[in-house]
Amino acid sequence: MREPPGKPLPARREPIRAGETAPLFVLPAVATDGSRFELNLAEWLGVGPVLLVFYEDDGMPICTRELRAFAQEEPLLAAAGIQVVGINTNGLGSHERFQERDRFPFPLVSDFHGEAVKAFGMWDEREKKSRRGVVAIEGDGRVTYVLSHFNPGAVNSFAGIFEALGLA
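Everything numeric here is computed off the predicted structure, so don't read it as measured data.

**Details of the environment of leucine 41**
Secondary-structure assignment places leucine 41 in helix 1 (residues 41-47). The sequence separation of leucine 41 and threonine 144 amounts to 103 residues, and the corresponding C-alpha distance is 16 Å. Ignoring any residue separated from it by four or fewer positions in sequence, one finds leucine 41 in contact with Pro23, Leu24, Phe25, Val50, Phe120 and Ile137.

**Describing the pairing of strand 4 (residues 83-88)**
Among the six residues in strand 4, six count as buried, and that is most of the element. Bridging between strand 3 (residues 50-54) and strand 4 involves five bridges; their strand directions are parallel. Within the sheet, the bridge partner assigned to leucine 51 lies in strand 4 and is valine 84. Chirality of the crossover, the property in question, places the unit of strand 3, helix 2 (residues 61-79) and strand 4 among those that are right-handed. Bridge count for strand 4 against strand 5 (residues 108-110) is three bridges, and the pairing is parallel. Each residue of the ladder has a partner; that of glycine 86, found in strand 5, is leucine 108. Handedness of the strand 4-helix 3 (residues 92-102)-strand 5 crossover: right-handed.

**Thoughts on the environment of leucine 24**
Relative to the assigned elements, leucine 24 resides in the segment before strand 1 (26-30). It is 8.0 Å that separates the C-alpha atoms of leucine 24 and alanine 116, two residues lying 92 residues apart in sequence.

**Quick look at the pairing of strand 8 (residues 133-137)**
Taking burial as the measure, the five residues of strand 8 include five buried ones, the bulk of the element. Of the two faces of strand 8, the one lined by Gly133, Val135 and Ile137 and the one lined by Val134 and Ala136 are each fully buried. Here strand 3 runs beside strand 8; their pairing, made up of five bridges, is antiparallel. Bridge pairing links valine 50 to isoleucine 137 in strand 8. Hairpin remark: strand 8 followed by strand 9 (residues 143-147), antiparallel, with five residues in the connecting loop; positive phi at glycine 141, about 95 degrees.

**Quick look at unusual backbone geometry**
Look at arginine 103: it is not a glycine, yet its phi comes out positive at around 50 degrees. Along the chain, arginine 103 falls in the loop between helix 3 and strand 5. The class of arginine 103 is partly exposed, set by a relative accessible area of 45%. Although it is not a glycine, lysine 128 adopts a positive phi angle of roughly 60 degrees. Among the secondary structure elements, lysine 128 is positioned in the loop between strand 6 (123-124) and strand 7 (129-130).

**Description of the packing of aromatic side chains**
This model, assessed by the stated rule, comprises nine aromatic pairs. Residues phenylalanine 70 and phenylalanine 158 carry aromatic rings whose centres are separated by 5.1 Å and whose planes lie at 50 degrees to one another, so their mutual orientation is tilted. Note that phenylalanine 70 is positioned in helix 2 and phenylalanine 158 in helix 5 (residues 155-164), a separation of 88 residues in sequence. Taken individually, phenylalanine 70 and phenylalanine 158 each receive the classification buried, so the pair is uniform in this respect. The ring centre of tryptophan 123 lies 4.5 Å from the NZ or CZ of lysine 118, which sits over that ring.

**Side note on the environment of glycine 160**
Mapped onto the fold, glycine 160 is located in helix 5. Taking the relative accessible area as the measure of exposure, glycine 160 reaches 19% and is therefore buried. Through-space distance from the C-alpha of glycine 160 to that of glutamine 83 is 17 Å; in sequence the pair is 77 residues apart.

Calculation notes
- Residues numbered from 1 in each chain as written.
- Predicted model: local features only at pLDDT ≥ 70, side-chain atom pairs only at ≥ 80, totals over all residues.
- Heavy atoms only, no water.
- Helix = DSSP H or I, 4+ residues; strand = E, 2+ residues; numbered from the N terminus.
- Contact = heavy atoms within 4.5 Å.
- Buried < 20%, exposed > 50% of the residue type's maximum accessible area, 1.4 Å probe, protein only.
- Pairing = 2+ DSSP bridges.
- Right-handed = clockwise from strand over helix to strand, strands pointing away.
- Phe/Tyr/Trp six-rings, centres within 6.5 Å; stacked < 30°, edge-to-face > 60°.
- Lys NZ or Arg CZ within 6 Å of the ring centre and 35° of its normal.

Here is the structure:
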């Protein structure tokens, strides 16, 4: 596993594609219990596959539904060795309040400057923040699935994710 780069991550205009190598990052995060820590994606990938769930804003109704949907499926994902991570450009204080309210069973990463979001091609240029999307990454760093616009109300979205993860 390669180490996270010491220089800024290159931004992409289009979403990353399956088969490409995921950009690695180390960013602050908030755990379920509200504690802060540094999430090193390379270290997490060393444990197993990671499902990055990109979302727009903490506490907004559609984003809350998105993360609650993954929280509901987290036991199944965890049993399959898949680690879930929520990520957006909100700050740590916002993530702490969101975790305090909803207690998601996975961490929320704060990419305040949007470097990782942009490196994965999940940046909404018009809104100047992350868009809703999902990226599955194998332990070796290879991207295996990308959903560049996730609609939490669409059953087909989950079907595609679960098929890609070998859970369907």
